Amino acid sequence: MRKLDRLALRGRTVRLRFTVLYAAVFLGSAVALLALTNLLASASDTQPAPGQIPAAQQPSLAAAEQRIHGLETQLTELQAAQSSRILMGSLIALAVMAAVSVLLGNAVASRVLRPLRTITAATRRISAENLHERLAVPGPADDVKNLADTIDGLLERLEASFAAQRRFVANASHELRTPLATMRASVDVALAKPEPVPPQTVTLANRLRTQLDRVDRLLEGLLVLARAQHGELPDRTPLSLGNLVGQALTARAADIAAKNLTVEDSGLDESAWTQGSLTLLSRMADNVTDNAIIHNQNGGWIRVATTADGATVRLIVETGGPILDPEHVARLGQPFQRLADRTGPGTSSGLGLSIVAAIAGAHGGHLGLHPRREGGLCVTISLPAAATPEGGAA
């Protein structure tokens, strides 16, 4: 019994449904066309019968032949007129039924393809941030259902792959912190011995510390990136973008003065509020500020602005510098991507803007990177706006 049910469901394919529905539509059109044709053909001719001869008149043989010839001519003309009328009526009926068939076919096709439109809309709505969603299309086990189930299986595998990748990055970063701490402690112990330490050992220890600090920053960046990509937002609260970037600039005043940079922050909008994690959004503002300082030329400038436009707030950071390649700039939002023609010491991990992109994405926004026509880079972070809280203090 179950085998028969499976065979019955397997036969109910979209192709069969299309075949049956369109066959029914065209069959109905053909029946209607034949009915109209027969109706026009059976219409009565109201013209009087030709050639009625009075009973008292006795025509001669020549007159009878002439009369018969005239009757045949009139009959031929009547048949030609009748055929012309039937042809004209058939053409009109064909045109009408063709239009009706197109309308009915469009309605039927739209109804049949409605599940596919639903699947398409749902698939477009699903991204890396909401891979847990599924199409879950109901209905019989036909081609549409099989397609939806296949897409759900693909989304499930992608979700598992993304989760495994994020867990690997987080676990690897945690595990690597232990040997780094051990190496740092070994260097400190070697330098803290009571006997004099050779200068070569001090130089080597300082180099090791520098590299250990760099690796430690890299691991911290990987942890933040993994947490942002995982969408972990434990401390959501209303925040002012202007205050965040202002605090980041204040904390880096020494670095700005060391490179003799000019900061223009007159475009900070006090109404640019968003809602999210204070830890992550502060890290986002810090990374954007560090990127503007590190990859800038001595004596350069930084322009910072925040705007509020309806449901979206933006943080815009512009820097001067050489003209950049748009294709290379577009890749800066990916991990470990750098530009060889940007200024700076070249010691960055290449995770700064990728962390910014991940944090913005976790908050429902996005990162925009555009080279300036005059040279330099324009970084735009768009986030959902939030209502300004009472008091207006972050």
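Looking at an unreviewed UniProt entry, one finds the protein chain named histidine kinase, with Pseudonocardia aurantiaca as its source organism. What UniProt states about the protein chain under its Catalytic activity (unreviewed entry) heading is, verbatim, "ATP + protein L-histidine = ADP + protein N-phospho-L-histidine." Note on the protein chain: under the UniProt heading Subcellular location (unreviewed entry), the record states "Cell membrane".

Peer 1: Account for the overall build of the protein chain, naming residues and giving values.
Peer 2: Secondary structure assignment for the protein chain yields 11 helices and 7 strands. Taken across its 394 residues, the protein chain has 30% of its residues classed as buried. Long-range contacts, defined here as pairs at least 24 residues apart, represent 73% of the contacts in the protein chain between residues at least 6 apart. Working note: accessible area of the protein chain is about 24200 Å², and carbon and sulfur atoms make up 59% of it.

Peer 1: How would you explain the packing of helix α4 (residues 114-125) against helix α5 (residues 143-191) if you had to name every residue and give the values?
Peer 2: At a minimum axis distance of 10 Å, the contact between α4 and α5 shows a crossing angle of 10°. Classified by the interaxial angle, the pair formed by α4 and α5 is roughly parallel. Packed against α4, whose contacting residues are Pro115, Leu116, Ile119 and Thr123, the element α5 presents Val144, Leu147, Ala148 and Ile151 at the interface.

Peer 1: Which residues make up a nonpolar patch on the surface, and what values do they have?
Peer 2: A cluster of nonpolar side chains, contributed by Met88, Ile92, Val96, Val100 and Leu104, occupies part of the molecular surface with about 430 Å² of accessible area. Inspection of the secondary structure assignment puts Ile92 in helix α3 (residues 61-112).

Peer 1: If you had to explain the UniProt feature "transmembrane region" (unreviewed entry) in the protein chain to someone new, which residues and values would you point to?
Peer 2: Per the UniProt record, the feature "transmembrane region" (unreviewed entry) sits at residues 20-41 and 86-109. Span residues 86-109 is 100% helix and 0% strand, its end C-alpha atoms 33 Å apart.

Peer 1: Tell me what's going on with helix α11 (residues 352-362), and back it up with residues and numbers.
Peer 2: The buried fraction of α11 is high, at 9 of 11 residues. Three or more residues of α11 are buried, namely Leu353, Ser354, Ile355, Val356, Ala358, Ile359, Ala360, Gly361 and Ala362. Of the residues one or two after α11, Gly364 is the one with positive phi, at around 80°.

Peer 1: Any details on the nonpolar core? Residues and values, ideally.
Peer 2: The biggest cluster of nonpolar side chains holds 36 residues, and the ones touching the most others in it are Met284, Ile381 and Leu383. Taken together, the elements giving at least two residues each to this core come down to α7 (241-251), α9 (278-294), β4 (301-309), β5 (312-319), α11, β6 (366-371) and β7 (377-384). Broken down by element, the residue count for this core peaks at 7 residues, all from α9. Not counting the four nearest positions on each side in its chain, Ile381 is found in contact with Met284, Val288, Val313, Arg314, Leu315, Val356, Ala360, His366 and Leu367.

Peer 1: Describe the side chain of Thr274, listing the residues and the values that go with them.
Peer 2: When you line up the elements, Thr274 lands in strand β3 (residues 273-277). Overall, the relative accessible area of 2% leaves Thr274 in the buried class. At a separation of 2.7 Å, a polar atom in the side chain of Thr274 contacts the main-chain carbonyl oxygen of Pro384.

Peer 1: Just give me the short version of the pattern of salt bridges, but keep the residues and values in it.
Peer 2: Under the defined criterion, the tally for this structure stands at 10 salt bridges. Residue Asp286 is joined to Arg252 by a salt bridge in which the shortest nitrogen-to-oxygen separation is 3.5 Å. Separated by 34 residues along the polypeptide, Asp286 in helix α9 and Arg252 in the loop between α7 and α8 (253-258) bring together distant segments of the chain. Of the residues examined, Asp286 reaches a relative accessible area of 22% and is grouped as partly exposed.

Here is what the cut-offs are and how they apply
- Counting from 1, residues in each chain are numbered in the order their sequence is written.
- With pLDDT at 70 or above as the cut-off, local features in this predicted model cover only qualifying residues; side-chain atom pairs require 80 or more to be listed or tallied, and sums for whole chains, interfaces and linings still use all residues.
- Side-chain numbers here rest on the full set of heavy atoms in the structure, without hydrogens or water.
- UniProt positions are given in the numbering used here, feature names are shortened, and annotations may be inferred rather than shown by experiment.
- Only DSSP runs of H or I reaching four residues or more are called helices, and only runs of E reaching two or more are called strands; each is numbered from the N terminus.
- Burial status follows relative accessibility: with a 1.4 Å probe on protein chains alone, a residue under 20% of its type maximum counts as buried, one over 50% as exposed, and anything between as partly exposed.
- By definition in these notes, contact holds between two residues if any of their heavy atoms fall within 4.5 Å.
- Per-residue accessibility takes into account occlusion by the displayed protein chains alone, with areas from the Shrake-Rupley method and a 1.4 Å probe.
- Note on geometry: axes are lines fitted to C-alpha atoms, helical ones only across the stretch in contact, with angles between N-to-C directions running from 0 to 180 degrees.
- Between 65 and 115 degrees an angle is taken as roughly perpendicular, under 35 as roughly parallel, over 145 as roughly antiparallel, and anywhere else as oblique.
- Patch members must show over 30% relative accessible area and no salt bridge, and they are joined within 9 Å when carrying like charges or within 5 Å when they are nonpolar side chains of Val, Leu, Ile, Met, Phe, Trp or Tyr.
- Only one rule defines a salt bridge in this text: a Lys or Arg side-chain nitrogen within 4 Å of an Asp or Glu carboxyl oxygen.
- We define the nonpolar core as a collection of buried residues of types Ala, Val, Leu, Ile, Met, Phe, Trp, Tyr and Cys that are connected through side-chain atoms lying within 4.5 Å of one another.
- Polar contacts, as used here, are pairs of N or O atoms within 3.5 Å; protein pairs need one atom able to donate a hydrogen and one able to accept it. Residues neighboring in sequence count only if both atoms are side-chain atoms.

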